[in-house]
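Survey of secondary and tertiary structure
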Amino acid sequence: MQSTTYDAIVVGSGISGGWAAKELSERGLNVLLLERGKNIEHIKDYVNAQKGPWEYPHRGGRTKKMEEDYPVLRRDYPLNEKNLDWWASDRDSPYTEVKRFDWYRGYHVGGRSLMWGRCSFRWSDFDYEANAREGVGTDWPIRYKDIAPWYDHVEPFAGISGSIEHMPQLPDGKFQPPMPFNCAEQMVADRVRQHFDGKRRWIPARTANLTQPIGGRSACQYRDACWLGCPYGAYFSTQSSTLPAAMKTGHLTLKPWQIVNEVLYDKDRKRASGVRVLDAISMQSTDYKAKVIFLCASTLNSTWILLRSATDIWPGGLGSSSGELGHNLMDHHFRVGAEGRIDGFQDKDQYGRKPNSVYIPRYRNLFGEKRDYLRGFGYEGSAGREGWSRAVAEMGVGGGFKDSMAEPGQWTVGGTAFGEMLPNHANVVTLDENRKDKWGLPVLKIDCATGENEHRMRKDMGTDMAEMLEAAGVKDVHTYDEPCFPGMGIHEMGTARMGTKPTNSVLNSHNQVWDAPNVFVTDGSCMASTACQNPSLSYMALTARAANFAADELTKRTL
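One structure accompanies this document, and this report is about it. (Residues numbered from 1 in each chain as written. Predicted model: local features only at pLDDT ≥ 70, side-chain atom pairs only at ≥ 80, totals over all residues. Heavy atoms only, no water.)

1. Focus: the sheet that holds strand S13 (residues 428-436)
What counts here: In this analysis, strands are considered paired if DSSP registers two or more bridges between them. Only DSSP runs of H or I covering at least 4 residues are called helices, and only runs of E covering at least 2 are called strands; the numbering of each starts at the N terminus.
What the three strands build is an open sheet, ordered S3-S14-S13; its pairing is mixed. Across the chains shown, the open sheet's two edge strands, defined by having one partner strand only, are strand S3 (96-97) and S13. In the sheet, S3 pairs with strand S14 (residues 442-447) via two bridges, with the strands oriented parallel. Within S14, the residue paired with Glu97 across the bridge is Ile446.

Set out below in structure tokens:
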């Protein structure tokens, strides 16, 4: 009979869960890693990684049947034939939208670490001090100096490539060499830097794609097929990186198909004693015991577990005594920017399929500049030559037309802004007891919308990119501002935020639940603000920091 007692339980196997499992098991703890979905084994289960578009029945696109089965996923790019099996089923796992919220989830070992965009940026004190400086939300209980050593810790292992820029709003790190610009990106970068006196800068996006091999993982092959799983281990995922390290210790037990639906709470000890799990296949319930619990199930699912836990003590769930559990849901807002055409370089093309973008760090509301909104935005963009898909059947015919479409087309360039969304207590998730999922469990009700500050920011997000492109000599520049709803950024954060005291937050400075100090929450739910940079690298650093703190406290017998 397998044991149901461990030193530590980690719930969720994505970016945060993988790091928790690695750090805790490397400290000698016997760790149980629970994942609600199926197992996906590194390399063996990347069944589409080497396929060409012609090898898919629908050339990698979507069908009417897929759109019927995935009413949420069809709203954007995740619905496609190539990795549909890696996205959660909308029908099996529904949720209630008071206002539109696009929730794209990955329920399997590795979670969204297999499908993420891999942009990896440090946050600075401009970000960690913003709430306190402006009186918005609640103050972070940590500053950059507290987490900087943990950025140092995770970057070399994850394998982050990037350039050293000496920009205080985007701290440098321990990087592998950056992926180089193509010729058109280099031209725009040079001209923008010169025109704006270095205050606006195009840099290679810092990305979790290797440019040098490390630890049995190969350097990037420039296939730009990361979302299919990388058989070379060239991008950071749980499968390629943290899970093998944890398994190597001999202290990790991995159990897929296990839906954790409650943290068990001992009111006499004022500590959690374990978790209650529903087997997704057999429907059998099992209680697992542990000294510490790490909730890393992703922002909304970790919050769902807390809302369902210890309700005999706190009707609002474990961690609700502050009144903030479930509140302050945030995401980045985007889908606004500009693009245009570059003349010249017709004798040049680009090497391979570069998997990273250009990045333009935030420059608004910094260094004495003041706008009519708070915070700022950064851009992700690229330049490239048009391909065969530029052909329009009704506008050409014949062999000459087909031959011309086989040649590289016009150079184009553009960028999309990612803006910060402020914390707002009114943006909340609760349990919808009247609606159940496939397993008979109540679903989440999500009530979230962007605010006036974000709407004011979007004007600059479009016009600034057009201004930079025109300054670089780009032709036919036009802006766009497409509908954007919370969730589309797939950067949901904030529903179990960190804070300075039990009355303003769910978690303390080490990601411990104030009401149960042996429960740690280290996914996006812990974030007190969003900054405008992608958050995953901060989840890694916060998780490693919390896991080592927990291991130290267990050694001292203070947990």
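2. A look at the sheet that holds strand S10 (residues 358-360)
Let me state the cut-off plainly: Should any heavy atoms of two residues lie within 4.5 Å, those residues are counted as being in contact. Axis lines are fitted through C-alpha atoms, for helices just across the contact stretch, and the angle between N-to-C directions can take any value from 0 to 180 degrees.
Here six strands make up an open sheet; going across it, the order is S4-S10-S11-S12-S9-S15 and the pairing antiparallel. Unpaired on one side and paired on the other, strand S4 (203-204) and strand S15 (475-481) mark the two borders of the sheet. Where helix H10 (residues 452-471) meets the sheet, its contacts fall on strand S9 (336-342), S10, strand S11 (377-385), strand S12 (411-419) and S15, and the angle it forms with S9 comes to roughly 15 degrees.

3. What about the layout of surface pockets?
Note the threshold: For each structure, a 1 Å grid was placed over the protein atoms alone; sets of points admitting a 1.4 Å probe that cannot get out are labelled cavities, open sets with protein on both sides within 12 Å along at least five of seven lines are labelled pockets, and lining residues have an atom within 4 Å of a point. Grid points are joined across faces, edges and corners, and a volume is the space filled by probe spheres set on the points. Residue classes follow a fixed rule: Ala, Val, Leu, Ile, Met, Phe, Trp, Tyr, Cys and Pro count as nonpolar, while Asp, Glu, Lys and Arg count as charged, and any other residue, Gly among them, counts as polar.
Taken as a whole, the second largest pocket holds about 360 Å³ of empty space. Ala88, Ser89, Asp92, Tyr107 and Trp257 are, among the 19 residues lining the second largest pocket, the residues nearest its centre. Here the residues of the lining of the second largest pocket sort into ten nonpolar, four polar and five charged.

4. A short note on the packing of helix H1 (residues 15-26) against helix H7 (residues 238-248)
Operational definition: Each angle receives one of four descriptions, namely roughly parallel if under 35 degrees, roughly antiparallel if over 145, roughly perpendicular if within 65 to 115, and oblique otherwise. Each crossing is labelled by how the near helix is turned from the far one, with a counterclockwise turn of less than a right angle marking it left-handed and a clockwise turn marking it right-handed.
The N-to-C vectors of H1 and H7 enclose an angle of 25 degrees; their axes lie 7 Å apart at closest approach. By the angle class used here, H1 and H7 are roughly parallel. At the point where H1 passes H7, the crossing takes the left-handed sense. Contact with H1, carried on its side by Ile15, Gly18, Trp19, Ala21, Lys22, Ser25 and Glu26, involves Thr238, Thr242, Ala245 and Ala246 of H7 and no other residues of that element. For the contact of H1 with H7, the residue count by class is five nonpolar, four polar and two charged.

5. Remarks on the nonpolar core
Nonpolar side chains in soluble globular proteins tend to end up buried together. Going by this rule: Only buried Ala, Val, Leu, Ile, Met, Phe, Trp, Tyr and Cys residues count toward a nonpolar core, and they belong to the same one when joined by side-chain atoms within 4.5 Å. Burial status follows relative accessibility: with a 1.4 Å probe on protein chains alone, a residue under 20% of its type maximum counts as buried, one over 50% as exposed, and anything between as partly exposed.
Ranked by internal contacts, the top residues of the largest apolar core, which has 99 residues, are Ile9, Leu295, Leu318, Ile446, Val519 and Met540. Excluding its chain neighbours within four sequence positions, the residues that come into contact with Met540 are Ile15, Trp19, Trp116, Val154, Ala158 and Phe236. Counting 30 residues, the second largest nonpolar core, distinct from the first, contains Met187, Phe196, Val358 and Val413.

6. Some words on the pattern of salt bridges
Our working definition: Salt bridge, as used here, is a side-chain nitrogen of Lys or Arg placed within 4 Å of a carboxyl oxygen of Asp or Glu.
All chains considered together, the criterion is met by 43 salt bridges. Measuring nitrogen to oxygen at the nearest pair gives 3.1 Å for the salt bridge that ties Asp139 to Arg143. Given the relative accessible area of 23%, Asp139 is considered partly exposed. With a shortest N-O distance of 3.7 Å, Asp460 and Arg364 are connected by a salt bridge. With Asp460 in helix H10 and Arg364 in the loop between S10 and S11, this pair connects stretches of sequence that are 96 residues apart. Connected through salt bridges with shared partners, the residues Arg364, Glu369, Arg371, Asp460 and Asp464 form a single ionic network.

7. Considering helix H6 (residues 183-195)
In an α-helix, one turn spans 3.6 residues, which is why side chains three or four residues apart end up on the same side. Stated precisely, the cut-off is as follows: The span one expects for a helix is its residue count, reduced by one, times 1.5 Å. The term polar contact refers here to a pair of N or O atoms within 3.5 Å; inside protein, the definition further demands a hydrogen-donor-capable atom paired with an acceptor-capable atom, and it admits residues adjacent in sequence only when both atoms are side-chain atoms.
Taking 1.5 Å per residue, 13 residues should reach 18 Å; H6 reaches 18 Å between its end C-alpha atoms and fits that length. Residues of H6 that are buried: Ala184, Glu185, Met187, Val188, Ala189 and Val192. Close packing links the buried residues of H6 with S9, S10, S11, S12 and H10. Between a side-chain oxygen at the N-terminus of H6 and the backbone nitrogen of Ala184 the separation is 3.2 Å; the capping residue is Asn182. Remark: Asp197 follows H6 within two positions and exhibits a positive phi of approximately 55 degrees.

8. So, the state of the cysteines
As a reminder, the rule being used: Two cysteine sulfur atoms form a disulfide, by the criterion used here, when they sit within 2.5 Å.
Summed over the entire model, instances satisfying the criterion amount to zero disulfides. With no disulfide of its own, Cys484 lies 11 Å from the sulfur of Cys448, the closest cysteine sulfur. By relative accessible area, which is 17% here, Cys484 ends up buried.

9. Concerning the packing of aromatic side chains
As a reminder of what qualifies: Here a Phe, Tyr or Trp ring, Trp counted by its six-membered ring, pairs with any other such ring whose centre lies within 6.5 Å, and the pair is stacked when the planes are under 30 degrees apart, edge-to-face when over 60, and tilted otherwise.
Counted by the stated rule, this structure contains 19 aromatic pairs. Measuring from ring centre to ring centre gives 6.3 Å for Trp19 and Phe236, while their planes differ by 20 degrees; the resulting arrangement is stacked. Separated by 217 residues along the polypeptide, Trp19 in helix H1 and Phe236 in the loop between S4 and H7 bring together distant segments of the chain. Judged by its relative accessible area of 0%, Trp19 falls in the buried class.

10. What to know about empty space enclosed by the protein
Counting across every chain of the model gives three cavities of 30 Å³ or more. Looking at the lining of the largest cavity, the elements that each hand over two or more residues are helix H8 (299-307) and S14. A total of three residues in the lining of the largest cavity trace back to one element, the largest contributor, which is S14. The class makeup of the residues in the lining of the largest cavity is eight nonpolar, two polar and three charged. Asn209, Cys220, Gln221, Arg223, Asp224, Ala225, Cys226, Gly229, Cys230, Tyr232, Ala234 and Pro355 together form the lining of the second largest cavity. Its residues assigned to classes, the lining of the second largest cavity comprises seven nonpolar, three polar and two charged.

11. Some points on the packing of helix H5 (residues 144-158) against helix H11 (residues 536-555)
Here H5 crosses H11 at 110 degrees, and the two axes come no closer than 8 Å. When the axis of H5 is compared with that of H11, the two are roughly perpendicular. Only Leu537, Ser538, Met540, Ala541, Leu542, Ala544, Arg545 and Asn548 of H11 make contact with H5, whose side of the interface consists of Asp146, Ile147, Trp150, Tyr151, His153, Val154, Glu155 and Ala158. Partitioning the contact of H5 with H11 into residue classes produces ten nonpolar, three polar and three charged.

12. Digging into the pairing of S9
Among the seven residues that make up S9, five are buried, leaving the element largely enclosed by the rest of the structure. In terms of strand pairing, S9 meets S12 through six bridges, oriented antiparallel. Residue pairing for S12: Arg341 is matched across the bridge by Thr412.

13. Some words on unusual backbone geometry
The phi dihedral of His166 falls on the positive side, at around 55 degrees, and the residue is not glycine. With a phi angle near 65 degrees, Arg335 is a residue other than glycine that sits in the positive phi range. Looking at where Arg335 falls in the secondary structure, it is placed in the loop between H8 and S9. Taking relative accessible area as the criterion, Arg335 reaches 18% and is therefore assigned buried.

14. Details of the pairing of S11
Across a regular strand the side chains alternate sides, sitting on one face of the sheet and then on the other. Taken across its nine residues, S11 has eight buried, putting it largely inside the fold. Strand direction decides the pairing type here: S10 and S11, joined by three bridges, are antiparallel. Residue pairing for S11: Val358 is matched across the bridge by Gly381. One ladder, built from nine bridges, connects S11 with S12; its direction is antiparallel. Counterpart to Gly381 in the pairing with S12 is Gly415.

Structural measurements only, silent on function.
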